[in-house]
Amino acid sequence: EDKNSTVMTVAGPPRTGSTMVSNIINSFLPLMDPSDFGQWGVWKTHELFDSRCPMLMHQDFIFYCIRHPYDSFYSFLRVNDLSYDDVTDETGKITETHRNEIFADVSMAMVFSELYHNSTTKELLMPQVQRPLLVIPYEQYWKNEMKLIEDISNIINLNLTKDQKQDIFETINIKKAKQISHNLKAGTKDITSGLHHKHVGDESGAPSQGKHLPRYIKEDIMRHFGDVYKKFGYNLEP
(Lines give C-alpha, C1' and ligand atoms only; values in the text may rest on other atoms or scores of the structure.)
Protein backbone atom coordinates (compact mmCIF):
# COMPACT_ATOMS: atom_id res chain seq x y z
CA GLU A 1 0.00 0.00 0.00
CA ASP A 2 1.20 3.48 -0.82
CA LYS A 3 1.03 5.11 2.60
CA ASN A 4 1.57 8.53 1.06
CA SER A 5 -1.95 8.35 -0.33
CA THR A 6 -3.27 8.54 3.24
CA VAL A 7 -2.77 12.17 4.05
CA MET A 8 -4.52 12.52 7.41
CA THR A 9 -2.97 10.76 10.37
CA VAL A 10 -4.30 10.26 13.90
CA ALA A 11 -1.57 9.36 16.37
CA GLY A 12 -0.78 9.35 20.07
CA PRO A 13 -0.16 6.92 22.92
CA PRO A 14 -2.78 4.22 23.60
CA ARG A 15 -5.95 5.26 25.45
CA THR A 16 -5.79 8.95 24.55
CA GLY A 17 -8.96 9.30 22.46
CA SER A 18 -7.50 8.49 19.07
CA THR A 19 -10.38 6.13 18.20
CA MET A 20 -12.92 8.92 18.59
CA VAL A 21 -10.82 11.38 16.58
CA SER A 22 -10.43 8.78 13.82
CA ASN A 23 -14.17 8.11 13.79
CA ILE A 24 -14.91 11.82 13.47
CA ILE A 25 -12.54 12.25 10.53
CA ASN A 26 -13.90 9.12 8.85
CA SER A 27 -17.37 10.66 9.20
CA PHE A 28 -16.08 13.72 7.35
CA LEU A 29 -14.78 11.79 4.34
CA PRO A 30 -18.11 11.39 2.47
CA LEU A 31 -18.67 15.15 2.86
CA MET A 32 -15.38 16.15 1.27
CA ASP A 33 -15.01 17.18 -2.34
CA PRO A 34 -12.16 15.15 -3.90
CA SER A 35 -11.40 18.01 -6.28
CA ASP A 36 -10.63 20.22 -3.27
CA PHE A 37 -8.99 17.74 -0.95
CA GLY A 38 -7.43 15.14 -3.23
CA GLN A 39 -7.20 11.51 -2.18
CA TRP A 40 -8.18 11.33 1.48
CA GLY A 41 -7.95 8.62 4.06
CA VAL A 42 -7.18 8.21 7.75
CA TRP A 43 -4.22 6.33 9.17
CA LYS A 44 -4.43 5.64 12.93
CA THR A 45 -1.28 4.68 14.79
CA HIS A 46 0.28 4.59 18.25
CA GLU A 47 3.75 4.59 16.67
CA LEU A 48 3.83 7.72 14.54
CA PHE A 49 7.59 7.90 14.21
CA ASP A 50 7.90 4.23 13.27
CA SER A 51 4.97 3.90 10.87
CA ARG A 52 4.42 7.43 9.46
CA CYS A 53 7.34 9.60 10.48
CA PRO A 54 6.49 13.19 9.43
CA MET A 55 10.17 13.79 8.65
CA LEU A 56 9.99 11.20 5.88
CA MET A 57 6.38 11.05 4.70
CA HIS A 58 4.04 13.78 3.48
CA GLN A 59 0.82 14.10 5.47
CA ASP A 60 -1.42 17.15 5.26
CA PHE A 61 -2.67 16.87 8.85
CA ILE A 62 -1.36 14.94 11.84
CA PHE A 63 -3.68 14.95 14.85
CA TYR A 64 -1.72 13.96 17.95
CA CYS A 65 -3.89 12.82 20.87
CA ILE A 66 -2.53 13.37 24.36
CA ARG A 67 -3.85 12.55 27.84
CA HIS A 68 -2.56 12.69 31.40
CA PRO A 69 -0.14 9.73 31.51
CA TYR A 70 -1.49 8.35 34.78
CA ASP A 71 -4.97 8.18 33.26
CA SER A 72 -3.84 6.61 29.98
CA PHE A 73 -1.70 4.06 31.83
CA TYR A 74 -4.54 3.14 34.18
CA SER A 75 -6.94 2.81 31.23
CA PHE A 76 -4.41 0.67 29.31
CA LEU A 77 -4.23 -1.77 32.21
CA ARG A 78 -8.02 -1.93 32.52
CA VAL A 79 -8.79 -2.57 28.87
CA ASN A 80 -6.05 -5.22 28.60
CA ASP A 81 -6.90 -6.93 31.93
CA LEU A 82 -3.38 -6.36 33.26
CA SER A 83 -2.41 -6.17 36.91
CA TYR A 84 0.34 -3.95 38.31
CA ASP A 85 2.54 -7.04 38.67
CA ASP A 86 2.07 -7.80 34.96
CA VAL A 87 3.72 -4.54 33.91
CA THR A 88 6.43 -4.10 36.56
CA ASP A 89 9.66 -5.92 37.36
CA GLU A 90 10.83 -7.23 40.71
CA THR A 91 11.90 -3.72 41.79
CA GLY A 92 8.49 -2.23 41.08
CA LYS A 93 9.62 -0.35 37.95
CA ILE A 94 7.55 -0.45 34.77
CA THR A 95 9.15 -2.93 32.39
CA GLU A 96 10.92 -1.48 29.37
CA THR A 97 8.55 -3.39 27.07
CA HIS A 98 5.44 -1.81 28.55
CA ARG A 99 7.06 1.59 28.92
CA ASN A 100 7.89 1.60 25.23
CA GLU A 101 4.50 0.21 24.22
CA ILE A 102 2.67 3.03 25.97
CA PHE A 103 4.98 6.04 26.15
CA ALA A 104 7.90 5.84 23.71
CA ASP A 105 6.19 7.77 20.93
CA VAL A 106 5.28 10.74 23.15
CA SER A 107 8.94 11.59 23.78
CA MET A 108 9.63 11.79 20.05
CA ALA A 109 6.47 13.84 19.53
CA MET A 110 7.68 16.38 22.08
CA VAL A 111 11.11 16.62 20.42
CA PHE A 112 9.51 16.99 16.99
CA SER A 113 7.28 19.82 18.23
CA GLU A 114 10.20 21.59 19.92
CA LEU A 115 12.23 21.44 16.71
CA TYR A 116 9.30 22.59 14.58
CA HIS A 117 8.46 25.60 16.72
CA ASN A 118 12.06 26.81 16.83
CA SER A 119 12.62 28.84 13.66
CA THR A 120 16.27 27.83 13.36
CA THR A 121 15.82 24.08 13.71
CA LYS A 122 12.64 24.20 11.62
CA GLU A 123 14.55 25.77 8.73
CA LEU A 124 17.61 23.55 9.07
CA LEU A 125 16.10 20.17 9.86
CA MET A 126 12.55 20.08 8.52
CA PRO A 127 11.94 22.65 5.78
CA GLN A 128 9.67 20.15 4.01
CA VAL A 129 7.29 19.82 6.98
CA GLN A 130 4.33 22.13 6.33
CA ARG A 131 2.35 21.85 9.56
CA PRO A 132 3.00 21.13 13.24
CA LEU A 133 1.49 18.25 15.14
CA LEU A 134 -2.11 19.24 15.85
CA VAL A 135 -2.38 18.35 19.53
CA ILE A 136 -5.76 17.11 20.80
CA PRO A 137 -5.83 17.25 24.63
CA TYR A 138 -8.10 14.49 25.90
CA GLU A 139 -9.34 16.42 28.92
CA GLN A 140 -10.40 19.42 26.86
CA TYR A 141 -12.80 17.35 24.78
CA TRP A 142 -14.03 14.69 27.22
CA LYS A 143 -17.83 14.63 27.01
CA ASN A 144 -17.57 17.63 24.67
CA GLU A 145 -17.61 15.77 21.37
CA MET A 146 -19.47 18.51 19.51
CA LYS A 147 -16.62 20.94 20.17
CA LEU A 148 -14.17 18.32 18.91
CA ILE A 149 -16.21 17.89 15.72
CA GLU A 150 -16.30 21.65 15.19
CA ASP A 151 -12.61 22.22 15.94
CA ILE A 152 -11.37 19.45 13.64
CA SER A 153 -13.67 20.56 10.82
CA ASN A 154 -12.38 24.12 11.22
CA ILE A 155 -8.76 22.95 11.08
CA ILE A 156 -9.28 21.20 7.75
CA ASN A 157 -11.56 23.96 6.42
CA LEU A 158 -14.63 21.77 6.08
CA ASN A 159 -17.87 23.71 6.42
CA LEU A 160 -20.55 21.63 8.11
CA THR A 161 -24.21 22.43 8.58
CA LYS A 162 -25.80 22.15 12.01
CA ASP A 163 -27.59 18.98 10.90
CA GLN A 164 -24.38 17.42 9.62
CA LYS A 165 -22.64 18.10 12.92
CA GLN A 166 -25.55 16.59 14.84
CA ASP A 167 -25.58 13.47 12.64
CA ILE A 168 -21.87 12.92 13.27
CA PHE A 169 -22.31 13.56 16.99
CA GLU A 170 -25.05 10.94 17.21
CA THR A 171 -22.66 8.42 15.68
CA ILE A 172 -19.46 9.06 17.66
CA ASN A 173 -20.43 10.39 21.12
CA ILE A 174 -19.12 8.62 24.22
CA LYS A 175 -22.56 7.34 25.23
CA LYS A 176 -22.92 5.59 21.87
CA ALA A 177 -19.36 4.26 22.04
CA LYS A 178 -19.94 2.87 25.52
CA GLN A 179 -23.12 1.13 24.38
CA ILE A 180 -21.34 -0.50 21.42
CA SER A 181 -18.42 -1.56 23.61
CA HIS A 182 -20.56 -3.15 26.30
CA ASN A 183 -22.69 -5.06 23.77
CA LEU A 184 -19.68 -6.71 22.13
CA LYS A 185 -18.64 -10.21 23.04
CA ALA A 186 -15.18 -10.68 24.57
CA GLY A 187 -12.43 -10.57 21.97
CA THR A 188 -14.62 -9.07 19.23
CA LYS A 189 -14.49 -5.72 17.49
CA ASP A 190 -17.08 -3.41 15.95
CA ILE A 191 -15.83 -2.61 12.44
CA THR A 192 -17.61 0.74 12.07
CA SER A 193 -16.36 2.23 15.35
CA GLY A 194 -13.07 0.40 15.84
CA LEU A 195 -14.19 -0.42 19.39
CA HIS A 196 -13.25 -3.59 21.23
CA HIS A 197 -15.11 -5.28 24.07
CA LYS A 198 -14.46 -3.33 27.32
CA HIS A 199 -12.93 -0.48 25.27
CA VAL A 200 -15.14 2.03 27.10
CA GLY A 201 -15.42 1.42 30.84
CA ASP A 202 -18.14 2.22 33.34
CA GLU A 203 -16.62 5.62 34.10
CA SER A 204 -16.74 6.55 30.39
CA GLY A 205 -13.09 7.58 30.34
CA ALA A 206 -13.47 10.26 33.01
CA PRO A 207 -10.26 12.20 33.74
CA SER A 208 -8.31 11.57 36.98
CA GLN A 209 -8.85 7.79 37.08
CA GLY A 210 -5.06 7.51 37.24
CA LYS A 211 -5.21 8.64 40.87
CA HIS A 212 -5.87 4.97 41.66
CA LEU A 213 -2.37 3.99 40.50
CA PRO A 214 0.03 3.11 43.33
CA ARG A 215 2.61 5.74 44.17
CA TYR A 216 5.58 3.66 42.94
CA ILE A 217 4.11 3.50 39.41
CA LYS A 218 3.32 7.21 39.37
CA GLU A 219 6.88 7.98 40.47
CA ASP A 220 8.29 5.78 37.71
CA ILE A 221 6.18 7.51 35.05
CA MET A 222 7.12 10.92 36.45
CA ARG A 223 10.82 10.03 36.51
CA HIS A 224 10.90 8.97 32.86
CA PHE A 225 8.32 11.30 31.30
CA GLY A 226 7.64 14.20 33.67
CA ASP A 227 9.58 16.71 31.55
CA VAL A 228 8.04 15.38 28.34
CA TYR A 229 4.47 15.77 29.55
CA LYS A 230 5.23 19.17 31.04
CA LYS A 231 5.80 20.39 27.48
CA PHE A 232 2.25 19.24 26.70
CA GLY A 233 0.82 21.09 29.69
CA TYR A 234 0.77 18.39 32.37
CA ASN A 235 2.51 18.78 35.74
CA LEU A 236 2.94 15.33 37.23
CA GLU A 237 2.73 14.71 40.96
CA PRO A 238 3.23 11.31 42.63
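Reading guide: rules and limits
Residues numbered from 1 in each chain as written. Predicted model: local features only at pLDDT ≥ 70, side-chain atom pairs only at ≥ 80, totals over all residues. Heavy atoms only, no water. Buried < 20%, exposed > 50% of the residue type's maximum accessible area, 1.4 Å probe, protein only. Helix = DSSP H or I, 4+ residues; strand = E, 2+ residues; numbered from the N terminus. 1 Å grid on protein atoms, 1.4 Å probe; cavity = no way out; pocket = protein on both sides within 12 Å on 5 of 7 lines; lining within 4 Å. Points joined across faces, edges and corners; volume = space filled by probe spheres on them. Nonpolar A, V, L, I, M, F, W, Y, C, P; charged D, E, K, R; others polar. Expected span 1.5 Å × (residues − 1). Bend = angle between axes of the 7 residues up to and from the residue. Contact = heavy atoms within 4.5 Å. Axes fitted to C-alpha atoms, helices over the stretch in contact; angles between N-to-C directions. Parallel < 35°, antiparallel > 145°, perpendicular 65-115°, else oblique. Left-handed = near helix turned anticlockwise from the far one by under 90°.

Owing to its 3.6 residues per turn, the α-helix brings residues three or four apart onto one side. Burial runs high along helix H4 (residues 69-79): ten of the eleven residues are buried. Residues Pro-69, Tyr-70, Asp-71, Ser-72, Phe-73, Tyr-74, Ser-75, Phe-76, Leu-77 and Val-79 constitute the buried set of H4. Positive backbone phi, at 55 degrees, marks Asp-81, one or two positions downstream of H4.

If you roll a probe as big as a water molecule over the atoms, it shows you where there is empty space left. Volume-wise, the second largest pocket comes out at about 200 Å³. In terms of lining, the second largest pocket is formed by 16 residues, of which the most central are Pro-54, Met-57, Gln-59, Val-129 and Gln-130. Among the residues forming the lining of the second largest pocket, the class breakdown is ten nonpolar, four polar and two charged.

Taking 1.5 Å per residue as the helical rise, helix H12 (residues 215-231) with its 17 residues ought to reach 24 Å, and the 22 Å between its terminal C-alpha atoms agrees with that figure. At Phe-225, H12 is bent by approximately 70 degrees, the largest bend along its length. Taken together, the buried positions of H12 are occupied by Ile-217, Lys-218, Asp-220, Ile-221, Phe-225, Gly-226, Val-228 and Tyr-229. Looking at the buried residues of H12, the elements they touch are strand S3 (61-66), H4, helix H5 (84-87) and helix H6 (96-116).

Here the focus is the packing of helix H9 (residues 145-155) against helix H10 (residues 162-172). At a minimum axis distance of 10 Å, the contact between H9 and H10 shows a crossing angle of 125 degrees. Judged by the inter-axis angle, H9 sits oblique to H10. Classified by chirality, the crossing of H10 by H9 is right-handed. Contact with H9, carried on its side by Glu-145, Met-146, Ile-149 and Glu-150, involves Lys-165, Gln-166, Ile-168, Phe-169 and Ile-172 of H10 and no other residues of that element.

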